[in-house]
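# Reading the structure
Next come the chains, spelled out residue by residue.
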Amino acid sequence: RQKTTALQGNGKKPFEELRGELETFEKLRKLDERVERLSERGTVFLSSFWCETLSSFMIAPLKSATKPSVTSTCLSVQAILENPSMWGTSVQWEDTGGEKISLRKATDTMRKVAKDADWSSAVYRFRTPYLVSTLSRMVPEGELMKDSKFQEAIDTLIEQRPHLSFHRKQTLSTYQRHKNAMALLAALESGLVVQTDPRHAELLFGVERVFTVSFDELCRQIAFWHAGDNQNFDVVMLAYSLASYVQIASHPIVKEQGRSLPPMNLKLVSRALDLLFSVQKEDGTWEKGEPIDRYVAGSQGAPPTAPPKIPHDSSAASISNPVPVPVRPPPVEVRRVVPSSPADPTAPAEEDDPTAGVRMRSSKEIGNSYVFFVDLLGEIVKALGEKEPELLAPYLENIERCVEWLEDNVLQEKSPSTKMGLVQGWRSNHLLDGGPVAWCTAQAVSSLFSVRRLLKSLLTSCILDEFGGAHAASEGANSGAWTQLLDAELSLQGSQTSLKGVLQPRLLTPMMRKMLSASASLLPREKLKDYDPICAALQSPELAASQFASSNHPPVYSLILFGPPGTAKTTICTSIAKYLGWHFVTIDTAQFLADGLGNVANRMRYIFDRLKCLEKTIILFDEIEEFCQDRENERLGMESRMLTTAMLTQLNDLRRKQKAIFIVATNRLRTFDAAVTRPGRFDMILFVGTPNLSARVSRLKGLLSNTGMSEEKKSEACALVSGFMEANWKETAEGKGGLRFLNFAESDVLLKGAVSEAVDGRLTEASLQTSFEALRETATIQGAVKEEYVSSERMSRV
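Residues numbered from 1 in each chain as written. Predicted model: local features only at pLDDT ≥ 70, side-chain atom pairs only at ≥ 80, totals over all residues. Heavy atoms only, no water.

### Side note on the overall build of the protein chain
Under the convention used in this document: Comment: elements are numbered from the N terminus, with helices defined as DSSP H or I runs of at least four residues and strands as E runs of at least two. For the exposure calls, accessible area comes from a 1.4 Å probe over protein chains only, and a residue counts as buried if that area is under 20% of its type's maximum, exposed if over 50%, partly exposed in between. Here, residues are in contact when the closest pair of their heavy atoms is within 4.5 Å. Throughout, the Shrake-Rupley method with a 1.4 Å probe supplies accessible areas, and for residues the shown protein chains are the sole cover considered.
Scanning the protein chain from terminus to terminus reveals 30 helices and 13 strands. When each of the 798 residues of the protein chain is scored for burial, the buried share is 56%. Considering only residue pairs separated by 6 or more positions, the protein chain has 75% of its internal contacts joining residues 24 or more positions apart. Accessible surface, the protein chain as shown: approximately 34,000 Å² in total, 51% of it carbon and sulfur.

Here it is, written out as structure tokens:
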């Protein structure tokens, strides 16, 4: 498995080379479909563990528990937040009297548990990161910042940071260090510790220490393996060190607020992945590895004692200048012991019914003291799936083994207390025989969601790269390009409006609402802006009122933009993609003819099979009139008629998916078959004309603002040019005027020339007239094109 030898100098392969390692497109798609089906089943499985009486998820619904399971509830809530769109029918924030799972009630239960928590106890060494992570995402920061008990939990996580002087005898296991770091990052994301708080530096320092220790352990484990030191090599320590290293190195909060970390070493990551998957078993599992808890209070030996607390100034907190430790603690014997509860690694013994647990094989063979391998896979995929998905592409066969294990190991038991009388789910491979367990099921569901995102990312990259598409910007939704787009007049159903005035409330707002609605139903309104990146785009002052106003328009998935050349139809489509934070791809006639004229039908199926796999993508069909011609035309051959029929079928199937928006851009709408333009085929048909007068004036002001002219001179020039455009806007009977027929590029030539003359002091109405007349001679819209323009202005339909 020496894949790393083929890596380029930056440790990363171009995606084109990885296509051969992705098996085939069909196999990749089939794996995605399997994971999707299993994920849907998993949501049903996890819902059956909800206990309405205790307002929590229980370890197993068969037991008559009297206390809620903290770990099961936290992990289940986190699994729900991983993919909110999957839970709309069974989960919501508000209490519905038992009809749906109420996350408000689950959150209240966790907050009650937190109020009585002893953060220093061995039991809460497990629970603390779960509680902090979950509550940080669910509770408004204003409430948590006033909650002294919750702030104590954050302090506990900070105090449990690793110490370089402890070397390999850290207080916490690699697994626990990773969970603590993720909890601290969740607290930072939610703004629970402001930058003016002295603890902010300590919190960041704790995260950076996990990064340093994880990097060291990652290198150490790779060295152990190559040295043949099987006694010290540990796959769990390798995996969670890798997950911590990648997630912290690529986390935006650390980059923005923390000190400069060394860039992620992609060669090291690739080598660690090679090693991790090379030691995977044939059934998809891994060896037990390091226990979840390396120490138990009261046993022989104890974890190292933390050194005296030293104030963190900028120099002391630097990872390259670690805090000095006056006294190195003596070495201690490490005992690998397990939590008291066999079914839930964080639950006190009195919460567990023996029938829901397992029996000890020996003091070192209690199943739940070891990491469930599905969580190990999920953390690796989550860490790399969004930032560096191509690094995982060579290991899809290994991931498929894990999926097969989940498919083959679904457990079920009868449960009269559930609606279906049956509970299904998964159980850790390290537990003895028994029924499904909530925390195992929650980890499986979370991991499946991560794998599905990875597969979608690989499929999307494969398709976009093949057709020359553009990936969505890493920062997500951005309304800047849409704001700068010049608007155009639009006549719609007898009234005058504008193109942006129709697209904003009928396409952009409903789609943003649809993307936001899944999270909105699961979280309190105060948390939406922190949790869902879409909300950031909705905060711009100019859009705030319209975005949150009531709207009855359903989301739009298909439209036709028609109009003369040069009216920025492609620019409109790219601006929509940027506004939504989506991918963008253009399919033109050349794509359909790539395999020759005789293979157009097969090529069409090939293209649409891939387009149907795309999600959150703007698909632009540019100038495909040849495949949408009027079948009533007697001069049209049989083959052309069949292609039109095939295109209609494929467009209809693509629209039914409702995963992407496709736009047909054309200059010749009248040549389309009647079935293409009939009501119901496309959601909207909109005429795209030249920029309207107000848009051109805005463009003029923008050009003037970049000059060194005085404000008085700018105002004079703006008034002169604006007045000239208004006076010559409409065409007279004598054929004079008609400035409105200049397209964007031609209008820009006129405006930039006017600004240049204004800077030189040569701008007059006569000079403007001369420039305008010269542009009219070579304008795109004149003669028959102008007649078509005028007659098409009233053809828009929504």
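That shown, we press on.
### Examining the packing of helix H13 (residues 373–385) against helix H15 (residues 438–467)
This is how it is decided: Here an angle of 0 to 180 degrees is reported between the N-to-C directions of two axes, which are lines fitted to C-alpha atoms, with helices fitted over the stretch in contact. Handedness of a crossing is defined here by the sense of rotation of the near helix relative to the far one, left-handed for an anticlockwise turn of less than a right angle and right-handed for a clockwise turn. When residue character is reported, Ala, Val, Leu, Ile, Met, Phe, Trp, Tyr, Cys and Pro are called nonpolar, Asp, Glu, Lys and Arg charged, and the others, Gly included, polar.
Where H13 contacts H15, the two axes come as close as 8 Å, and the packing angle between them is 35 degrees. For H13 against H15, the interelement crossing comes out left-handed. In this structure, H13 uses Val-374, Asp-375, Leu-377, Gly-378, Val-381, Lys-382 and Gly-385 to contact H15, whose residues at the interface are Gln-443, Ala-444, Ser-447, Ser-450, Val-451, Leu-454 and Ser-457. Across the contact of H13 with H15, the residue classes break down as six nonpolar, six polar and two charged.

### Here we look at the confidence of the model for the protein chain
Short version of the rule: Summary of the metric used: pLDDT quantifies the predictor's per-residue confidence within the range 0 to 100.
Averaged over the protein chain, the pLDDT score is 83; the fraction of residues at 70 or greater is 84%. Taken as a whole, residues 1–13 scores under 50 in pLDDT and shows 32 contacts with residues more than four places along the chain or in a different chain. Here residues 296–301 scores under 50 on pLDDT; set against residues more than four positions off or in separate chains, the count is seven contacts.

### Some words on the nonpolar core
Cut-off, in case you're wondering: In this description, a nonpolar core means a group of buried Ala, Val, Leu, Ile, Met, Phe, Trp, Tyr and Cys residues linked to one another through side-chain atoms lying within 4.5 Å.
Grouped together as the largest cluster of nonpolar side chains are 197 residues, with contacts concentrated most on Leu-580 and Phe-621. A per-element tally of this core places H15 first, with 16 residues. Ignoring sequence-local partners within four residues, the contact set of Phe-621 consists of Ile-587, Phe-592, Phe-608, Leu-611, Leu-651, Leu-654, Phe-662, Ile-663, Val-664 and Ala-665.

### Quick notes on unusual backbone geometry
The phi dihedral of Ser-55 is positive, around 55 degrees, even though this residue is not glycine. Within the chain, Gln-493 stands out as a residue other than glycine whose phi angle is a positive 50 degrees. Within the secondary structure layout, Gln-493 lies in the loop between strand S7 (489–492) and strand S8 (495–498).

### Re the side chain of Gln-92
Rules: Any pair of N or O atoms that falls within 3.5 Å is considered a polar contact. Within protein, one atom must be able to donate a hydrogen and the other to accept it, and sequence-neighbouring residues count only if both atoms are side-chain atoms.
Locating Gln-92 in the fold gives a position in strand S3 (residues 91–92). Of note is the side chain of Gln-92, whose polar atom sits 3.4 Å from the backbone oxygen of Glu-94. The contacts of Gln-92, once residues within four sequence positions are left out, are Lys-100, Ile-101, Ser-102, Leu-103, Ser-521 and Leu-522.

### Notes on the packing of H15 against helix H23 (residues 600–611)
Filter applied, for reference: Here the word oblique covers every angle except those under 35 degrees (roughly parallel), over 145 (roughly antiparallel) and from 65 to 115 (roughly perpendicular).
Between H15 and H23, the shortest axis-to-axis distance is 10 Å and the interhelical angle comes to 135 degrees. As far as their axial angle goes, H23 and H15 are oblique. Taken together, the residues of H23 that come into contact with H15 (itself represented by Ile-463, Glu-466 and Phe-467) are Arg-603, Tyr-606, Ile-607 and Arg-610.

### Digging into the environment of Leu-396
Mapping Leu-396 onto the fold places it in helix H14 (residues 396–408). Taking the C-alpha atoms as reference points, Leu-396 and Leu-31, separated by 365 residues in sequence, lie 9.1 Å from one another.

### Topic: the packing of aromatic side chains
As a reminder of what qualifies: Two aromatic rings from Phe, Tyr or Trp, using only the six-membered ring of Trp, form a pair when their centres are within 6.5 Å; if the ring planes differ by under 30 degrees the pair is stacked, by over 60 it is edge-to-face, and anything between is tilted.
With the rule as written, the count across this model stands at 23 aromatic pairs. Here the aromatic rings of Phe-277 and Trp-286 are separated by 6.0 Å at their centres, their planes lie at 55 degrees, and the arrangement is tilted. Judged by its relative accessible area of 2%, Phe-277 falls in the buried class. The buried category is assigned to Trp-286, whose relative accessible area is 2%.

### Considerations on the environment of Ile-618
Within the secondary structure layout, Ile-618 lies in strand S11 (residues 617–622). Between the C-alpha atom of Ile-618 and that of Ala-660, which follows or precedes it by 42 residues, the distance is 6.2 Å. Each residue touching Ile-618, except ones within four places of it in the same chain, is listed here: Cys-573, Ile-576, Ala-577, Leu-580, Trp-582, His-583, Phe-584, Val-585, Ile-661 and Ile-663.

### Structural notes on the pattern of salt bridges
So the rule is basically this: Salt bridge, as used here, is a side-chain nitrogen of Lys or Arg placed within 4 Å of a carboxyl oxygen of Asp or Glu.
Evaluated as defined, the whole model comprises 42 salt bridges. The salt bridge involving Lys-105 is made with Glu-52; its shortest N-O contact spans 2.3 Å. Of this pair, Lys-105 sits in helix H4 (residues 103–115) while Glu-52 sits in the loop between strand S1 (50–51) and strand S2 (56–57), placing them 53 residues apart in sequence. Residue Lys-105 is classed as buried on the basis of its relative accessible area, which comes to 17%.

### Observations regarding helix H30 (residues 784–792)
For an α-helix the count is 3.6 residues per turn, leaving residues at separations of three or four pointing the same way. Keep this limit in mind: Directions are taken from the helix axis to each C-beta atom, and the arc is the one they span.
Listed as buried for H30 are Lys-786, Tyr-789 and Ser-792. Buried residues along H30 cover an arc of 130 degrees about the axis, so they all sit on one side. Looking at H30, the residues exposed on the side facing more than 90 degrees away from the buried face are Ala-784 and Glu-787. Tucked into the core, H30 has its buried residues touching strand S9 (558–562) and strand S13 (684–687).

### Concerning the environment of Arg-525
Locating Arg-525 in the fold gives a position in helix H18 (residues 525–531). Overall, Arg-525 belongs to the exposed group, its relative accessible area being 61%. In the structure, Arg-525 is positioned 432 residues away from Trp-93 in sequence and 9.9 Å away in space, judged by C-alpha atoms.

### Side note on helix H28 (residues 744–760)
For clarity, the cut-off: Take the residue count of a helix, subtract one, and multiply by 1.5 Å to get its expected span.
Its 17 residues place the ends of H28 24 Å apart at the C-alpha level, agreeing with the 24 Å of an ideal helix rising 1.5 Å per residue. Within H28, burial applies to Glu-746, Ser-747, Asp-748, Leu-750, Leu-751, Ala-754, Val-755, Glu-757 and Ala-758. Taken together, the buried residues of H28 touch helix H26 (693–705), helix H27 (711–727) and helix H29 (765–777). One side-chain oxygen at the N-terminal end of H28 lies 3.3 Å from the backbone nitrogen of Ala-745; it belongs to Asn-743.

### Side note on the pairing of S7
How we decide: Each pair of strands is called paired provided DSSP finds at least two bridges between the two strands.
Inspection of the sheet shows S7 paired to S8 by four bridges, in the antiparallel sense. Counterpart to Glu-489 in the pairing with S8 is Ser-498.

### Remarks on the sheet that holds strand S12 (residues 661–666)
Reading across the sheet, the five strands line up as S10-S11-S12-S9-S13 and stay open at both edges, with parallel pairing between neighbours. Of all strands in the sheet, those with a lone pairing partner are strand S10 (583–588) and S13, marking the two edges. With direction set aside, neighbouring strand axes in the sheet form an average angle of 20 degrees. Here S11 pairs with S12 via five bridges, running parallel. Within S12, the residue paired with Asp-622 across the bridge is Ala-665. Contacting S9, S10, S11 and S12, helix H21 (residues 569–580) runs over the sheet at an angle of about 170 degrees to S11.

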